[in-house]
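An overview of the molecular structure
Take a look at the letters that make up each chain.
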Amino acid sequence: MSKHQFQTEVNQLLHLIIHSLYTHRDIFLRELISNASDALDKLKYLTLTDDKFKNLAFDPRIDIAFDENDARTITVSDSGIGMNEQELVDNLGTIARSGTRSFLSQLSGDRRKDSNMIGQFGVGFYSAFMVADRVEVTTRKAGEESAWRWTSDGKGEFEIAAADRDSAGTTVVLHLSDDGKEFATRWKLDEIVKKYSDHIAFPIYLHYTRTEYDDKGKEKGKERKTEQVNNASALWKRPKSELKEEDYKEFYKTIAHDDDDPLLHTHTQAEGTLEYTTLFYVPRHAPFDMYNVDYRPGVKLYIKRVFITDDQKDLMPAYLRFVRGIIDSEDLPLNVSRETLQHNRVLASIRQASVKKLLGEFQRLAAEDPERYQQFAEQYNRPLKEGLYSDFGNRDALMELVRFKSSSQEGYTSLTEYKQRMLPDQKAIYYITGDNENALRNSPLLEAYRRKDIEVLIMNDDIDEIVVPTIGTYKDTDLKAINRSDAGEDIAEEDAKARVDDAKPIADRIKRALGERVKAVKVSVRLSDSPSCIVVDENDPTMKMQQLLKSLGQGEIPEVKPILEINPDHVIVKRLADMSDQAMIEDVSFLLLEQALLVENVPVSDPAAFVKRLNRVLEKAV
């Protein structure tokens, strides 16, 4: 017998499970059955594709038994692939994924939400400690002679010892705690299996003792019974006409480890050149690891109902990584290697058709149920924007699906809706980018557009800086960033040239004071209330893009200097024309630049110098 310490993250997880997390404790059985089903899937695949396992006697099944007397146990057993000693340590003593700390940091204390995350993260086994104060796992790896028993009370360590098991598979015995004893009944276990696991594709048998009574109600004996309690068919292969909405919802909860209903689903059974079935779901809430590099793929691949893989990220493009579901192909060979899947033409065709189907469903949702599509956009708008950059073939469809915030509308708006609201003489679709929505809405750059009732799209997702400039036009209308120097020309007043000429000496004076801190100082044709603003040249990266590149490790990029625009009608700028104090001219010029930077959420380069400069000006003003 050997003793092992749980990985630190497992200890944290177990502490949360045992002491605080769960109200939906019945999901422990869903998670154990799900693990057993995965083990059966893996062995089934090997018996069909690997010569070493083809002669193995394989009777796929899951058995559940319970003791409702003094021992109070629940036993879940499978005839799947099993584990060896090292795999017991790796699978039941550690959390291998690198996103573990991120996962733990996202546990919110909201019991319903956190219980969903446990299952989605793939550590559902530990939910057994919600109802048990001791867990035993006896297992034997297919193709090996040795069996092993893993035992733990969930309090910091576990033991592994040699054991006996007649055949491959795993048996989990839960020694129920006082709080968990309510689950050791036939009716409770039958109810949970039907609720969560009816669509598991392998038979689940419940073992129980039935008491016989005579016609006078007296007990005349007991009989040991075994009863299959699930449907045990691949739901996605059943005709759609046989399935009810509730069937789809319960199957989703099984494969996604989610207690909420999905936002939508789409079920396709294709026949013709290619024969395949897909069943896809969109979760109501975005998966917690959607922005992790090592996100967990949500689509499983089957071939002729044989499970192949659930960790192939190429089954869906990255921007649809939130999709959950099944792809089942009749045309792929069972022995296709996972390494060659990403280059397989059949799978590429299925993927291409599936992406178009999903985007079509999103478009249908947007047209038929705008309120529900608003919920969808709140969760998945950003990854869809990634598709604009990465999936050129579906860009037109994605352009209709992405949503943006607006200077004149509540909530999200589409590009189509924006075009419908454009003024008759408006020349472009105008937008402003940055990382703070409130700062963008209050940017001085918006002043002239508001004055002319021109709508501006507010783009505060970091990805907007990368994606939107690559779009260029939408239905023959240019998309134009208002934080670029040439955008103001579109909305200039008729007398703008005269105003610019009159104020040019002031701009030259400020440029001499600022020197190389700015690329140029120009007289603005778009400011009305603010004294100054910053923009960038047409071909230069914006201030936000520069910050983004630096955050991505591009520290060696050349510094791009901003262009300072000044408002010739503002009192501060007007007073600079007659000012003779050169030190004061310099201080005011720098303050005009630095306040413009701060308004755009760009930090000033020397805060101490900024404060000293501000104090000098204040001393003379008060």
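Residues numbered from 1 in each chain as written. Predicted model: local features only at pLDDT ≥ 70, side-chain atom pairs only at ≥ 80, totals over all residues. Heavy atoms only, no water.

**Focus on the packing of aromatic side chains**
- The full count for this structure, using the stated rule, is 17 aromatic pairs.
- Taking 5.2 Å as the distance between ring centres and 35 degrees as the angle between the ring planes, the aromatic pair formed by Tyr373 and Phe376 counts as tilted. Of this pair, Tyr373 and Phe376 both sit in helix H10 (residues 370-390), three residues apart, which is roughly one turn of that helix. No difference in accessibility class separates Tyr373 from Phe376, as the two residues are buried.
- Here Phe376 and Tyr380 contribute two aromatic rings whose centre-to-centre distance is 5.4 Å and whose plane-to-plane angle is 50 degrees, an arrangement assigned as tilted. Of this pair, Phe376 and Tyr380 both sit in helix H10, four residues apart, roughly one helical turn.
- For Phe376, a relative accessible area of 0% translates into the label buried.
- Taking the relative accessible area as the measure of exposure, Tyr380 reaches 0% and is therefore buried.
- By way of ring pairs, the aromatic residues Phe6, Phe125, Tyr126, Trp150 and Phe158 are connected into one cluster.
- In this structure, Arg186 is placed above the aromatic ring of Tyr208, and the distance from its NZ or CZ to the ring centre is 3.9 Å.
- Over the ring of Tyr295 we find Lys313, and its NZ or CZ is 4.3 Å from the ring centre. (Phe/Tyr/Trp six-rings, centres within 6.5 Å; stacked < 30°, edge-to-face > 60°. Helix = DSSP H or I, 4+ residues; strand = E, 2+ residues; numbered from the N terminus. Buried < 20%, exposed > 50% of the residue type's maximum accessible area, 1.4 Å probe, protein only. Lys NZ or Arg CZ within 6 Å of the ring centre and 35° of its normal.)

**Things to note about the sheet that holds strand E6 (residues 157-163)**
- Pairing is mixed across the open sheet formed by nine strands, whose spatial order is E1-E6-E5-E4-E7-E3-E2-E8-E9. With partners counted over all chains shown, the strands left at the sheet margins are strand E1 (2-5) and strand E9 (219-228), one partner each. Put simply, the sheet's adjacent strands are angled 20 degrees from each other on average, direction ignored.
- One ladder, built from four bridges, connects E1 with E6; its direction is antiparallel. If you follow Ser2 over to E6, its bridge partner there is Ile160.
- Sheet strands touched by helix H2 (residues 27-49): strand E2 (62-67), strand E3 (73-78), strand E7 (169-176) and strand E8 (204-213). Its angle to E2, the strand with the most contacts, is close to 145 degrees. (Pairing = 2+ DSSP bridges. Axes fitted to C-alpha atoms, helices over the stretch in contact; angles between N-to-C directions. Contact = heavy atoms within 4.5 Å.)

**Thoughts on the pattern of salt bridges**
- In total, this model carries 41 salt bridges according to the counting rule given.
- The closest approach of N and O atoms between Glu437 and Lys405, which form a salt bridge, is 2.9 Å. Taken together, the positions of Glu437 in helix H13 (residues 437-441) and Lys405 in strand E15 (residues 404-406) put the pair 32 residues apart, joining distant regions of the chain.
- As a salt-bridge pair, Glu516 and Lys561 come within 3.3 Å of each other at their nearest N and O atoms. With Glu516 in the loop between helix H16 (496-514) and strand E21 (520-523) and Lys561 in the loop between helix H17 (543-551) and strand E23 (563-566), this pair connects stretches of sequence that are 45 residues apart.
- Several salt bridges share partner residues, and in doing so they unite Lys249, Glu250, Lys253 and Asp261 into one network. (Salt bridge = Lys/Arg side-chain N within 4 Å of Asp/Glu carboxyl O.)

**Some remarks on the packing of H10 against helix H15 (residues 464-471)**
- Running from N to C, H10 and H15 point in directions that differ by 45 degrees, and their axes come no closer than 9 Å. Classified by the interaxial angle, the pair formed by H10 and H15 is oblique. In this structure, H10 meets H15 at a crossing whose hand is left-handed. Across the interface between the two elements, Lys385, Leu388 and Tyr389 of H10 pack against Asp464, Ile466, Val467, Thr470 and Ile471 of H15.
- Here the contact of H10 with H15 is built from residues that sort into five nonpolar, one polar and two charged. (Parallel < 35°, antiparallel > 145°, perpendicular 65-115°, else oblique. Left-handed = near helix turned anticlockwise from the far one by under 90°. Nonpolar A, V, L, I, M, F, W, Y, C, P; charged D, E, K, R; others polar.)

**Some details on the sheet that holds strand E14 (residues 324-329)**
- One open sheet holds the five strands; their spatial order is E10-E11-E14-E12-E13, and the pairing between them is mixed. Because the sheet does not close on itself, it has two edges, and the strands there are strand E10 (264-270) and strand E13 (306-309). Neighbour-to-neighbour, the strand axes of this sheet turn through a mean angle of 20 degrees, independent of strand direction.
- Relative to E13, strand E12 (residues 299-303) runs antiparallel, the two sharing three bridges.

**Thoughts on the nonpolar core**
- By size, the foremost hydrophobic cluster in this structure holds 83 residues, and its most contacted members are Leu320, Phe322, Phe362, Tyr373, Phe376 and Leu384.
- With eight residues, helix H9 (residues 345-368) is the single largest residue contributor to this core.
- With residues near it in sequence (within four places) discarded, Leu384 still touches Tyr319, Leu320, Tyr373, Phe376, Leu398, Leu401 and Val402.
- Ranked by size, the runner-up nonpolar core spans 48 residues in total, among them Ala36, Phe125, Leu206 and Val229. (Core = buried A, V, L, I, M, F, W, Y, C linked by side-chain atoms within 4.5 Å.)

Structural measurements only, silent on function.
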